[in-house]
Amino acid sequence: MSAHPYTAAPRSGRPSARPQGQGALVIGAEYRALGIARSLGRRGIPVEVLTHGDDVLAARSRYVRRSRPLPEAGAEQQVAFLLELGHGELAGWTIFPSGDETAALVARHHALLSQCFVLTTPPWAVFRWAYDKRLTYRLASSLELGAPRTWYPAEHGGVASLDVRFPAILKPTVKPTFNRLTAAKAWRVDSARELAVRYAEACELVPADDLVVQELVPGDGKDQFSYAALCAEGRPLAEIVARRTRQYPPDFGRASTFVESCSAPEIAAPARSLLAEMRFDGLVEVEFKRHAETGRFLILDVNPRAWGWHTLGAAAGVDFSYLAWRHANGLGVEFARGRPGERWVRLSTDVPTSLKEIAAGRLAARAYARTLLGGVEGAIFARDDPVPGLLELPLLARMLVRRVARGSPV
């Protein structure tokens with residue numbers, strides 16, 4: 001790993017002296033946002049958080065000096081709110097969106113927002129290639145990179161005429177709204193009849209143009225890999241490769257629960273090729289799955305913002321949030337690569353998921369316990385910032401109660 005032009009973030013409980021540059025405005029308050037806030041706050045960079053939806057975890061961090069809600073009224077009102085902050089007390093601050101839709105909001109209004117903020121998100125002309133899976137898969141195909149076989153029902157008048165091999169999955173290409181399908185990430189289908197029924201149901205939730213049918217790639221968490229990076233117009237400034245060993249739910253995990261940094265040149269090369277073609281700028285994760293039968297690595301998704309396990313980078317010697325802040329503010333970033341062998345866990349989802357796997361006989365209890373021994377980077381708990389860890393379960397329970405009361409998917 002190359003030498004870094006910065007020192008490690010202090011964990012003593014006291015932020016370091018404030019470096020050159022303004023503060024950071026994090027849009028979102030879930031655990032990804034919490035990791036960003038801690039990374040920057042530990043270095044004395046002022047951090048404010050805009051809460052969005054039910055998530056408020058990051059707002060409880062000692063490294064967040066203020067939190068306020070992002071308006072729910074719609075994109076126009078949200079941009080107006082951001083511009084008011086940017087032309088006022090937060091002029092010149094750096095924006096870090098922590099979710100897909102808030103990152104898309106910043107990308108679509110890049111020219112306006114860049115007049116008063118420093119942005120870590122590329123403009124829409126670049127961002128859309130990662131945001132929309134239709135564009136991602138077509139770009140991967142043009143580069144002759146491996147991807148699951150994919151069908152586009154809207155282009156064929158539905159699913160009846162598709163030559164689909166089962167089992168398959170039905171999934172949205174974008175997720176602008178929260179519903180049963182976007183919450184599940186994908187629906188498995190095992191026959192043409194089931195596909196027809198599920199497709200009709202899906203069309204009631206998202207536009208038909210935003211649906212794809214895709215082969216179900218065999219394998220489990222041991223076959224899930226990611227290449228993650230901070231890029232400058234497609235060139236990696238910092239990178240890490242990891243195996244997403246466990247996820248929640250186990251089949252089409254919405255989020256990783258246990259991740260290990262590793263070495264996998266088989267995915268690093270195609271990921272770099274894809275990001276170079278996009279000329280992507282900022283934080284990004286490219287997800288792969290190794291086909292359990294053929295051994296081939298296939299591109300599944302591209303996440304154009306801080307990914308769920310990004311704090312593993314700091315444990316592996318690459319603090320992605322801070323490097324992204326430096327890059328966006330025109331400060332030097334020397335190339336760095338995360339070292340293999342580091343581990344990350346989100347216990348609140350890893351424990352219940354793993355207990356189910358143990359009960360089903362798919363995971364040995366002793367083997368599971370061994371993965372948690374020694375130094376493991378926690379997604380939520382931190383000695384220098386304990387409150388979010390103490391509040392996570394009560395906040396999660398409150399969020400689930402609210403969603404059930406509203407009739408929303410959980």
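Conventions we followed
Residues numbered from 1 in each chain as written. Predicted model: local features only at pLDDT ≥ 70, side-chain atom pairs only at ≥ 80, totals over all residues. Heavy atoms only, no water. Phe/Tyr/Trp six-rings, centres within 6.5 Å; stacked < 30°, edge-to-face > 60°. Lys NZ or Arg CZ within 6 Å of the ring centre and 35° of its normal. Patch = residues over 30% accessible without salt bridge, like charges linked within 9 Å, V, L, I, M, F, W, Y side chains within 5 Å. Areas by Shrake-Rupley, 256 points an atom, 1.4 Å probe, with all protein chains shown as cover. Salt bridge = Lys/Arg side-chain N within 4 Å of Asp/Glu carboxyl O. Helix = DSSP H or I, 4+ residues; strand = E, 2+ residues; numbered from the N terminus. Core = buried A, V, L, I, M, F, W, Y, C linked by side-chain atoms within 4.5 Å. Buried < 20%, exposed > 50% of the residue type's maximum accessible area, 1.4 Å probe, protein only. Contact = heavy atoms within 4.5 Å. pLDDT = per-residue confidence, 0-100. Pairing = 2+ DSSP bridges.

Right, let's talk about the packing of aromatic side chains for a bit. Counted by the stated rule, this structure contains eight aromatic pairs. Site record: aromatic cluster; members linked through ring pairs are Trp124, Phe127 and Tyr131. The ring of Trp124 carries the charged tip of Arg108 above its face, separated from the ring centre by 4.1 Å. Directly above the aromatic system of Trp187 lies the positively charged group of Arg198, at a separation of 3.9 Å from the ring centroid.

Together, Leu347, Val351 and Leu355 give the surface a local cluster of nonpolar side chains, amounting to about 250 Å² of exposed area. Here Leu347 shows up in helix H12 (residues 347-359).

Within the largest apolar cluster, 43 residues are counted, with the highest numbers of intra-cluster contacts made by Leu40, Phe96, Leu230, Trp309 and Phe320. Secondary-structure elements contributing two or more residues to this core are strand S1 (24-27), helix H1 (31-41), strand S2 (47-51), strand S10 (224-232), strand S11 (235-248) and helix H11 (320-328). Sorting elements by how many residues they give to this core places H1 first, with six residues. Leave out the neighbours within four places in its chain, and Trp309 touches Ser226, Ala228, Ile240, Ala242, Arg244, Ser256, Val259, Glu285 and Trp344.

Let's shift gears to the confidence of the model for the protein chain. Mean pLDDT over the protein chain works out to 91, with 91% of the residues at or above the 70 mark. Taken together, the stretch residues 1-7 has pLDDT below 50 and engages in 23 contacts with residues farther than four places along the chain or on a different chain.

All right, on to the sheet that holds S2 then. Spatially, five strands are ordered S3-S2-S1-S4-S5 in an open sheet, and the strand pairing comes out parallel. Edge positions in the sheet fall to strand S3 (66-69) and strand S5 (118-119), since each of these pairs with one other strand and no more. The pairing of strand S4 (residues 94-97) with S5 spans two bridges and is parallel. Each residue of the ladder has a partner; that of Ile95, found in S5, is Leu119.

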